[in-house]
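Okay, here's what each chain looks like letter by letter:
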Amino acid sequence: MVYTQKISREMLAEGAYELLEREGIEALSMRRLAQIVNVRASSLYHHFPEKSALLAAVAEKGLFHLAAALERASNLALGDPRRQIYTMGMTYREWALQHPQVYRLLFADTPLIENTSPASLAAFAPMLAATGTLVGASQAPAATQAVWAFVHGYVMLELSGHMQQCLPIEGFQLGLSCFIQELGR
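No experiment lies behind these values; they were computed from the predicted model shown.

A. Structural context of unusual backbone geometry. Phi at Asn 38 is positive, roughly 65°, even though this residue is not glycine. Mapped onto the fold, Asn 38 is located in the loop between helix H2 (30–37) and helix H3 (41–44).

Here it is, written out as structure tokens:
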């Protein structure tokens, strides 16, 4: 078999991202990715020395997608920080439920990228700005972590099937609203 396909790091990360979205983490392997992009598996190692490096690139791509969604949500409610936080919380949940495999890669296991990576900073910058308006810059990191913990916990319960006995969206909306109302008081 002759392989003529030129590959790039970005192309491989995108292919891995799509494979993860479609089939989950269990399906993602260097060999499977090589088949999809029609190259020898050994050629992938020129771009990613090991699978964990590929997963980190996929995680970074996922965080940038999440960051873009949160930025758009934040911009919908400019001037009203409580509304911004609410809108971002709702967007975060929707994004996680639409991209459960990527979300699990990002937040269910050991962190694949540093908290200070450009992707991580971009994902949490809109929330940090909105909470800073409510509680001040010195308390903004703690407030952002608190909001994220609430939203993330709820999302993980939904993704794991623990919210099937109730109405998840109504409980989420109520909890998020109550939580946000108390910020900055």
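Now, onward.
B. Main features of the nonpolar core. With 56 residues, the main nonpolar core has Leu 44, Ile 85, Tyr 92, Trp 95 and Tyr 103 as its most contacted residues. If you list the elements that add at least two residues to this core, you get helix H1 (9–23), H2, helix H4 (51–76), helix H5 (81–98), helix H6 (100–107), helix H7 (118–135), helix H8 (140–159) and helix H9 (168–182). When residues of this core are assigned to their parent elements, the largest contribution, 12 residues, is made by H4. Other than its neighbours up to four places away in sequence, Tyr 103 contacts Tyr 92, Trp 95, Ala 96, Ala 108, His 152, Val 155, Met 156 and Leu 159.

C. Representation of the pattern of salt bridges in the model. Here the structure, examined in full by the defined rule, presents five salt bridges. Here Lys 61 and Glu 14 are joined by a salt bridge, their closest N and O atoms 3.2 Å apart. Here Glu 14 lies in helix H1 and Lys 61 lies in helix H4, a separation of 47 residues in the sequence. Take Lys 61: its relative accessible area is 12%, and that puts it in the buried class. In this structure, a network of salt bridges that share partners links the residues Glu 10, Glu 14 and Lys 61.

D. Looking closely at the environment of Leu 44. Considering the arrangement of structural elements, one finds Leu 44 in helix H3. Spatially, the C-alpha atoms of Leu 44 and Leu 54 are 9.3 Å apart, while their sequence positions differ by 10 residues.

E. Just H7, in detail. Helix length check: H7 (18 residues) gives 24 Å between terminal C-alpha atoms against 26 Å at 1.5 Å per residue, within 8%. Where H7 bends most, the angle comes to about 40°, and this point is Ala 125, followed within four residues by the proline Pro 126. The inward-facing, buried residues of H7 contact H4, H5 and H8. The first or second residue beyond H7 is Gly 136, which carries a positive phi of 95°.

F. Broad picture of the packing of aromatic side chains. All told, the structure shown has nine aromatic pairs when counted by the stated rule. Their ring planes at 90° and their centres at 5.7 Å tell us that Tyr 92 and Tyr 103 sit as a pair that is edge-to-face. Placement of Tyr 92 in helix H5 and of Tyr 103 in helix H6 is noted, with a sequence separation of 11 residues between them. Tyr 103 carries the same exposure label as Tyr 92, and that label is buried. Above the ring of Phe 172, the side-chain terminus of Arg 93 is found at 5.7 Å from the ring centroid.

G. Highlighting the packing of H5 against H6. One way to put it is that H5 packs onto H6 with a least axis distance of 5 Å and a crossing angle of 110°. On the basis of the axis angle, H5 is roughly perpendicular to H6. Residue-level contacts link Tyr 92, Trp 95, Ala 96, Leu 97 and Gln 98 of H5 to Pro 100, Val 102, Tyr 103, Leu 106 and Phe 107 of H6. Of the residues assigned to the contact of H5 with H6, the class counts are nine nonpolar, one polar and no charged.

Parameters and conventions
Residues numbered from 1 in each chain as written. Predicted model: local features only at pLDDT ≥ 70, side-chain atom pairs only at ≥ 80, totals over all residues. Heavy atoms only, no water. Helix = DSSP H or I, 4+ residues; strand = E, 2+ residues; numbered from the N terminus. Core = buried A, V, L, I, M, F, W, Y, C linked by side-chain atoms within 4.5 Å. Buried < 20%, exposed > 50% of the residue type's maximum accessible area, 1.4 Å probe, protein only. Contact = heavy atoms within 4.5 Å. Salt bridge = Lys/Arg side-chain N within 4 Å of Asp/Glu carboxyl O. Expected span 1.5 Å × (residues − 1). Bend = angle between axes of the 7 residues up to and from the residue. Phe/Tyr/Trp six-rings, centres within 6.5 Å; stacked < 30°, edge-to-face > 60°. Lys NZ or Arg CZ within 6 Å of the ring centre and 35° of its normal. Axes fitted to C-alpha atoms, helices over the stretch in contact; angles between N-to-C directions. Parallel < 35°, antiparallel > 145°, perpendicular 65-115°, else oblique. Nonpolar A, V, L, I, M, F, W, Y, C, P; charged D, E, K, R; others polar.

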